[in-house]
Each structure stands twice: as C-alpha cells, then as structure tokens.
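# Chains, contacts and geometry: an overview
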Amino acid sequence: MSIMAGLAAVSVLGAGGEATVEAQGPQPQDLTGLTLEQLAAIEITSVSRRPEQLSGAAAAVYVITRDDIRRSGAASLPEVLRLAPNLQVQRVGSVDYAVTARGFNSFETANKLLVLIDGRSIYTTLFSGVLWDAQGLVLEDIERIEVISGPGGALYGANAVNGVINITTRSARDTQGPAISVGAGTDDRTLSLRHGGALGDAGAWRLFLTGFDRSDTEMVGGGSGLDAAAGIRAGGRADWSNGLGQWMLQGDVFDHESPGDVTLRGGFALGRWTREFDGAGRIEAQAYYDQTDRVNGPVEEEVRTWDVSLQQAIDLGRHAIVWGGGHRGVENTLTSPPGAATLVPARRDITLGNLFVQDQISLRDDLVLTLGVKVEDSSFTGVEVLPNARLAWSLEDGSLIWGAVSRAARTASRIDRDLTLPGFLVGGDFQSEKLTSYELGYRARPARNLNLSLSAFYHDYTDLRTVAPDPATVLPLRFANGGEGHTSGIEAWGSYEVSPSWRLDLGVVTLEKDFRLKPGEVDIASLASVGDDPSWQVLLNSRTQLTERLEMDVHLRAVDELEASSVDGYVEADVRFGWRFDNGVELALIGSNLLNDTRIETGDPGRRRVLGRSAYLTLRAGF
C-alpha cells in the first residue's frame, strides 16, 4: 500500500548506532582445527560484558569462529551470518539484506537486533535497523562473531530486543606482514590487501585496502534489478601497551556507488583504553566518531555520531560486578524534494545517556544468579528502564541449565516520529515497543565428540507499531502503538565430530507467532510491522579434511515458506573445495545456491529479487 511505499522510499537511507563497550579477554590466536572441547572453552564477552567460557554462558549464544568464516566461502558479512542457526537471513537485493533473530524479519521490520563491530554500534537511528550494504569488513580479519538470540537490554540498552551480534576483529599483533585475498565469480568480485608491522617492542599496526563489485540481481518478472554495487574501503588499526595500560586505535573511510545516482560515503575513528588495577578490577574507556553520507537520487541523509563510554569489572568475594555508563550524540539530517516523503524536522539532534550495573552472584559453587539493569535517557524518547535476571546451574557432568526473565524495548526511530507525506501522513507521538522475555536453556557435552545447546523462549510484546487513521477525518495517518502479541519457539544446535577430519554442525529453529490489535485500535497496514518469517529453518554444515591439503565444506539449509506473503520455502546447498599449500597460499572454489534454478527469500513485494546459482573462486595468501 502507499504508506509502505512511502516508508520504503525513506528507510533505504542512513546509518547511525547504538553503542557499547566490549570487554576483551584472552583470545585464541588461531581457531583452525580446534577440537570441540577447545571450541566450548572459547572466551566470549557478549553475555556478561566480561570474559567467560562459552560453555558456562547463561544465554542462547552461538559463536562463528575465524575458521568458520574462512570455510564458509562467503563474500560478504551477511552471507557469513547464515552460519548462525539462531539468525534468519533474507537477501533482498544485490547488497541489501534483512537479518533478525526470533522474528520480525523484512527489510523494514528487522529493527530489533543490535549489531556491534569492536564495540561500535551500526544500528541506525533512522529506522532502527542495520544497513548491511555499508558494512564492508575484511572478513579474514574477523576473530569471531558472537550471536545472542534473546534480549540484551540490561547491558546493551534499548533496541537490543531480540538479539545481539557482537563482531570482534583481530588484534594488529596477530596480523603481521603482507596479505592478499582476491575473488572472482559470476556475482562477486573482491580484493583485499593488508600489511602489518611492529610498533617497537610494545605494539603493532596494520593497514588495509578492500573493494568489491557485485552484479545486478533479477526481477521476479524478468529483467535486471538495476541494483549492482561497487565500493572501496581503506583503514587501519594499532594496538600497543605501556605503563598506563592497553591501547587500541582503529578507523576507516569508504566510498560505495550503485546505479541510479546512489552513493554511500563515510568513515569512523575509534579508540579504546584498558587497564588492570590491583583491587579495582579492569577498567575500560572507549570513544568513537562515526560519519555517514547517503545519497539516493534527490534524497540525501547525513549522520554524525559521537560516543563515549566507561565500564569497570570488579570481583568482590562472591560478586562479579560490571558497571558503567556512556553518553552519545547523534546529528541526523535528511533532505528530500518538495512533495515527497520526508522527515519533519529535517534535522534532529539526539542525545542519549545511560548507566548500567550487573552483578553475578555465586550463590553456591554450582549456582550463579545474575541481576542487572540499564537506565537510558534519550532526548528523543525519554527514559527506559531495562532489567534482567538470569540463573545458571552447573551440573556435575559439566552441563549447564539456565533460565532468564528480561525486559527490553525498541525506542522510536526518526521514521516512527518524524516521517511526513503532505496530506497523507504526519508525525505522531510513537512510544517504545516493549518486550518481556522468558527463556530456558540447556548446554552440554554428553560425549567427547558431541556438543549440544537447547533453548526455549516465550516473548510477550506490547505497543507494537501500527498505522492509525485520524478518528474524525481518516487522513492524515500517523504511526501508533496499537499492536500486541507473543512469539515462542525452540532453538537447538550441536556439533558432532564423526572423525578427527570430519565435523557436522546441525541447527534447528522454530517460531510461532500470535499478534493482534489492542481493543479499539485500527491498523490500515494489517500489522505489517511484525514482519514475515518462516516457522522453521534447519541448517546442516559438513566440514571435511579430505587430505592434508584438500578440504570440502557443504552447507545445507532448509527454510519454511513465508505464509503471509505466499513465498515458497526452499532447500539450498553451497559447496566449497579448498586447497592449502605449504607457502600459506589457499585456493578455493565455491558453488552457491546449487539446488534451485531460482529462489526468492523475502516477502516484500517491492524488494523481491530472483536469486540463482553462482560460482566464486578465491585466492588468499598471508591471511
């Protein structure tokens, strides 16, 4: 309908974010060939904002390792995220994706997932989602990706509603010397150059240059989607230590272009200081500046973000406490031609302050209670209080049973409050969408060659977005909070080592949805804000070392139909053959989407693209 078309015209612009600080603990230098026992012992930081082993984390968390990324054969970050069974990834264009956890998926409704890259948020204040076309990372430099399904508001604030993706890149100390990666295929052409060196005896640096060129997709009725894109990104990172602590500085600049006078330019600079204090625990301070300029024909958007934050982790007897706070300012300006959908006012300055505290209390050696709360005060939407309670019970056999009750909220975006189409739509007083979450989980290693994780959830949502008519005159319309309902589901995954050279990873996720209007409410968009999701998906990954030099990876996924939009489900396969040579050179051939001539992944009528088979050849040296 026309209101959704007007929303789409504006929501393809922008970038901004919701920020946090990531506490970094000791990290493995090379995850290639780790056993399941070693993988379970990987230290993660997303669940409690302090290092802890994956096997003991009281949350539904899945970790994508550096070797997983290499063996995926993926050419972009969203394609890498397909490895996580607790994420649902829809490709909606050449470089556009919709990524979500536990429902609400489509390009415009995937607005409840917080994504962090080295502690810098890429969550946009324009429509509360992530614009994946702007995230051109050097994939080989990612250390790990921690994917939490479920709310994280008590630590990460508003908008960490259905999940958190925390991406950590490698230290400059681990990326010394020259490296090159080049790929060419039917859909993608990529190039990454990197060089690193030492900063005396106490530090290291690296510089990189990366670029991509992606072909057009096809329209459902035939013809080109005219959405090809190309871009270049350059930047660097330095890590060093001295008597004052550990320091990290990184940044980059980028320039992307697409047909139809579409350009995306920007960059960021981020600095972090960490120090261990006797008796005062670990203190960490971070600051960053992020700038993005997007032009889509006559519509232009500028976003400027400043963020500073501080946190301390300290142990006091049976209490492991993390506390901190931060302040952010966002300048968002959007200009569009007269008579078109726009934002009123064109510029809005938003400030956000936050304080949080979390206490992990060891009630017994095998029983840990976690209590936390975060309070955020936004000049745009007011105060949100986001509490969380988790209980973890470690059994004698090494397994873990955990449960959690949490509250989370998605605060109003600029589109929710300011979108205006003269005579048709006006800005309203849209309030936060709210979630109360109940979770129960089990994680175990029942055999030496088997790891399992199982979780169940029930999410109760209130004040969901609707499009309400004027009570007297119908027009103009405005966004309101007239929806409510719940989702529930099961998330299960595990890894099985068939032999030292063959590992299978299986993931199964289900989702049940029940949404409705509040009594007396009207929504002319028919609750389009809840998205369109499959009721189940199954992922199966096979990793085989055929010989000392030859490896084969098979990635199978089965996704149920999108019932609301009558998009068929599908079963698809990607296959990768990799050859690794003595001199550190790797050659890989990847075939993607091999089972179907064509496939559609989104139910959005305006964004449906036909996806088909593709081939991709990569050569890496030095990574």
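Coordinates for the structure precede this section.
Residues numbered from 1 in each chain as written. Predicted model: local features only at pLDDT ≥ 70, side-chain atom pairs only at ≥ 80, totals over all residues. Heavy atoms only, no water.

Our next topic: the pattern of salt bridges. A side chain of one charge can pair with a side chain of the opposite charge when the charged atoms of the two come close. Counted according to the given criterion, the structure contains 61 salt bridges. A salt bridge links Asp553 to Arg71; the shortest N-O distance between them is 2.8 Å. Of this pair, Asp553 sits in strand β32 (residues 550–559) while Arg71 sits in helix α3 (residues 66–72), and the two are 482 residues apart along the sequence. When its relative accessible area of 6% is taken as the criterion, Arg71 is described as buried. Here Arg576 and Glu551 are joined by a salt bridge, their closest N and O atoms 3.1 Å apart. Of this pair, Arg576 sits in strand β33 (residues 570–580) while Glu551 sits in strand β32, and the two are 25 residues apart along the sequence. Judged by relative accessible area, which is 1%, Arg576 ranks as buried. (Salt bridge = Lys/Arg side-chain N within 4 Å of Asp/Glu carboxyl O. Helix = DSSP H or I, 4+ residues; strand = E, 2+ residues; numbered from the N terminus. Buried < 20%, exposed > 50% of the residue type's maximum accessible area, 1.4 Å probe, protein only.)

Taking strand neighbours across the sheet as the criterion, the 5 strands line up as β3-β8-β9-β6-β7 in an open arrangement whose pairing is mixed. Two strands in the sheet have a free side with no partner beyond their single neighbour: β3 (60–65) and β7 (120–121). Pairing of β3 with strand β8 (residues 142–149) involves 6 bridges; the strand directions are antiparallel. Note that in β8 the partner of Val63 across the bridge is Glu146. (Pairing = 2+ DSSP bridges.)

All right, on to the packing of aromatic side chains then. Following the criterion strictly, the structure yields 9 aromatic pairs and no others. For the ring pair Tyr62 and Trp493, a centre distance of 5.7 Å and an interplane angle of 90 degrees mean the geometry is edge-to-face. Of the two residues, Tyr62 is situated in strand β3 and Trp493 in strand β28 (residues 474–499); the sequence distance between them amounts to 431 residues. The buried category is assigned to Tyr62, whose relative accessible area is 14%. Taking the centre distance of 6.4 Å and the plane angle of 45 degrees together, the rings of Tyr438 and Tyr458 count as tilted. Of the two residues, Tyr438 sits in strand β26 (residues 433–447) while Tyr458 sits in strand β27 (residues 450–470), which places them 20 residues apart along the sequence. When its relative accessible area of 36% is taken as the criterion, Tyr458 is described as partly exposed. Chaining the aromatic ring pairs together yields one cluster made of Phe104, Tyr461 and Phe515. Between Arg49 and the ring centre of Tyr156, over which it is positioned, the NZ or CZ distance is 5.5 Å. (Phe/Tyr/Trp six-rings, centres within 6.5 Å; stacked < 30°, edge-to-face > 60°. Lys NZ or Arg CZ within 6 Å of the ring centre and 35° of its normal.)

The quantities given are spatial measurements derived from coordinates; they are silent on function.
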